[in-house]
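Coordinate analysis (summary)
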Amino acid sequence: MATSTDVGDLDVAKISVPTYEYKGVNTKVFHVGSFGKLWREKLNPDYFSLQENAANSEEAEDAAFAEEVGISADVLEEVKFVCSLDTLRCHPENESPDTEVVGPNPSLQTLRVQKRKQDYRETLTIDKTCRSNIYASEMECVTERKRPADPEAMVAEGEIILSINIVYPVIFKRFRKHRQHQTMRVLGSQKLTELRDSICCVSDLQVSGEFSNMPDLAPEHINKDHYKSAFFFFEGVFYNDMRYPECRDLSQTILDWAQNHYTHDKLQAAKMEEATFNDLKIKIGFPYLYCHQGDCEHIIIITDIRVAHRDDCLDKTLYPVITKKHWVQTRKCSVCNMYIPRWVTSKDCFAPMDPCFFCDKCFRMLHYDTHGNKLGEFLAYPYVDPGTFN
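Since we're looking at a predicted model, the values are computed, not measured.

Attention shifts here to the overall build of the protein chain. The helix and strand tally for the protein chain stands at 12 helices and 15 strands. Here the protein chain holds 390 residues, and 35% of them are scored as buried. In the protein chain, the proportion of contacts linking residues at least 24 apart, taken out of those at least 6 apart, comes to 64%.

In structure tokens:
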């Protein structure tokens, strides 16, 4: 018969352990902090120790493997040598392989795929293989196993790490349904504002206003400096960024509407700067919302939650860590087709299309005389290309 203590443990586990709500899609709601606490209580501390001389070091793992399989240390060393990466080669030992060229009739499936890409590139007039594709995992590797110089900045043992996908805003029709803009890792102890400050969106970087009559007076301040309000929405709670006096509660309009139209659980509002990820109740794989600039909405999906280990970035000052960023092809100036545009014009009598994009030099040469006087009729707006931040 189960005791009252056992029943209580079962209730805690039921709330704290994520189980599938829809298999392969998303989990049921669970509390992040309780999940981390339960993990630390149940796991052997050696499993999530961040010390290099921990019991789960390579030597200890080798000894445990030899004991489990029933072989001697000498036999284990021989197996490690025979199965090492140094013995995996498809070329003579006295030749240095060309890693950029795949030979004819490869037998490995991975080499066949690489061979098809190689043959296709040879048919192209221009090779459009970009640096982002070549170093797809570079951003993740930069911080791998990175330890801080200051011991105070060390990630705590048993710390929770969450992986988050930030999807393009719905104004990007090409990517809004299936393409994430950024993938980040955050610590459970971090404030939601730290994630908010790390999200790079072109809407924050635009400059508001029309400057055809005075292009030299275009302000240097971007939209993020003027419109600082934003919120996250997780499981019925709006977390508003209220750090600055000019911030507004963007969720208030929704809350007022919900009082008369929403019949389910009551929606709530909280301050983003006072909440950590450990305080959240979430579903893994479920779409949530990040809204800023009034109506720029991003779907965010928490795809993974786990305990930090020694191979992670252990410098907490570097979090949130960006592990992936989608590459966007940059626009080119409509005149010279060389430089990234700085201006976009509308109702332009000199432009072949509406809107039309110009680099700064072409814009001024086409629309102003030598004294800086405006020629013709047009509207001009400062433009920030999304591809600038690849």
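Next, the rest of the story.
Moving on, we come to the sheet that holds strand 12 (residues 321-325). Strands sit in the order 8-7-6-10-11-4-5-12 across an open sheet of eight strands; the sheet is mixed. Each having just a single partner strand, strand 8 (268-271) and strand 12 make up the two edges of the open sheet. Taking the axes of each pair of neighbouring strands and ignoring which way they run, one obtains an average angle of 25° across the sheet. Here strand 6 (residues 230-234) runs beside strand 7 (residues 237-240); their pairing, made up of four bridges, is antiparallel. Within strand 7, the residue paired with phenylalanine 231 across the bridge is asparagine 240.

Turning next to the sheet that holds strand 14 (residues 356-358). Pairing is antiparallel across the open sheet formed by three strands, whose spatial order is 14-13-15. Looking at strand neighbours, the two that pair on one side only are strand 14 and strand 15 (379-382), the edges of this open sheet. Here the strands of the sheet are splayed against their neighbours by 30° on average, with no regard to which way each runs. Note: strand 13 (residues 343-346) against strand 15, four bridges, orientation antiparallel. The residue bridging tryptophan 343 from the neighbouring strand is proline 382, located in strand 15. Where helix 12 (residues 360-367) meets the sheet, it contacts strand 13, strand 14 and strand 15, and its direction lies at approximately 40° from that of strand 13.

Time to look at the pairing of strand 7. Across the two faces of strand 7 the burial is the same, with Val237 and Tyr239 and Phe238 and Asn240 all buried. The loop that links strand 6 with its antiparallel partner strand 7 comprises two residues; one of these, glutamate 235, has a positive phi angle of about 45°. Strand direction decides the pairing type here: strand 7 and strand 8, joined by four bridges, are parallel. Paired with asparagine 240 across the strands is lysine 271, a residue of strand 8.

Turning to helix 3 (residues 58-69), a few remarks are in order. Spanning 12 residues, helix 3 covers 16 Å between terminal C-alpha atoms, matching the ideal 16 Å at 1.5 Å per step. Within two residues after helix 3, glycine 70 carries a phi angle of roughly 85°, on the positive side.

For the rest of this paragraph, the subject is a nonpolar patch on the surface. On the surface, a cluster of nonpolar side chains totalling about 290 Å² of accessible area is made up of Val335, Phe350, Leu366 and Leu375. Counting through the fold element by element, valine 335 comes out in the loop between strand 12 and strand 13. The class of valine 335 is partly exposed, set by a relative accessible area of 49%.

Let's shift gears to the environment of proline 215. With respect to the helices, strands and loops of the structure, proline 215 is situated in the loop between helix 9 (202-205) and helix 10 (223-226). Using a relative accessible area of 11% as the deciding quantity, one classes proline 215 as buried. For the pair proline 215 and proline 382, spaced 167 residues apart in the sequence, the C-alpha separation amounts to 8.7 Å. The residues contacting proline 215, other than those within four sequence positions of it, are Trp343, Phe363, Arg364 and Tyr368.

Another aspect to go through is the environment of proline 169. With respect to the secondary-structure elements, proline 169 resides in the loop between strand 4 (160-167) and strand 5 (180-187). Exposure remark for proline 169: the relative accessible area of 3% places this residue in the buried category. When the C-alpha atoms of proline 169 and valine 202 are compared, they prove to be 9.8 Å apart, with 33 residues separating the residues in sequence.

A separate point is the side chain of histidine 298. You can see histidine 298 is positioned in strand 11 (residues 296-307). Assessed through its relative accessible area of 0%, histidine 298 is described here as buried. A polar contact of 3.2 Å, which involves the side chain of histidine 298, links it to the side chain of histidine 292. Setting aside its immediate chain neighbours within four residues, histidine 298 contacts Ile166, Val167, Tyr168, Pro169, Cys201, Tyr288, Leu289, Tyr290 and His292.

Thresholds applied
- Residues numbered from 1 in each chain as written.
- Predicted model: local features only at pLDDT ≥ 70, side-chain atom pairs only at ≥ 80, totals over all residues.
- Heavy atoms only, no water.
- Helix = DSSP H or I, 4+ residues; strand = E, 2+ residues; numbered from the N terminus.
- Buried < 20%, exposed > 50% of the residue type's maximum accessible area, 1.4 Å probe, protein only.
- Contact = heavy atoms within 4.5 Å.
- Pairing = 2+ DSSP bridges.
- Axes fitted to C-alpha atoms, helices over the stretch in contact; angles between N-to-C directions.
- Expected span 1.5 Å × (residues − 1).
- Patch = residues over 30% accessible without salt bridge, like charges linked within 9 Å, V, L, I, M, F, W, Y side chains within 5 Å.
- Areas by Shrake-Rupley, 256 points an atom, 1.4 Å probe, with all protein chains shown as cover.
- Salt bridge = Lys/Arg side-chain N within 4 Å of Asp/Glu carboxyl O.
- Polar contact = N/O pair within 3.5 Å; in protein donor to acceptor, adjacent residues only side chain to side chain.

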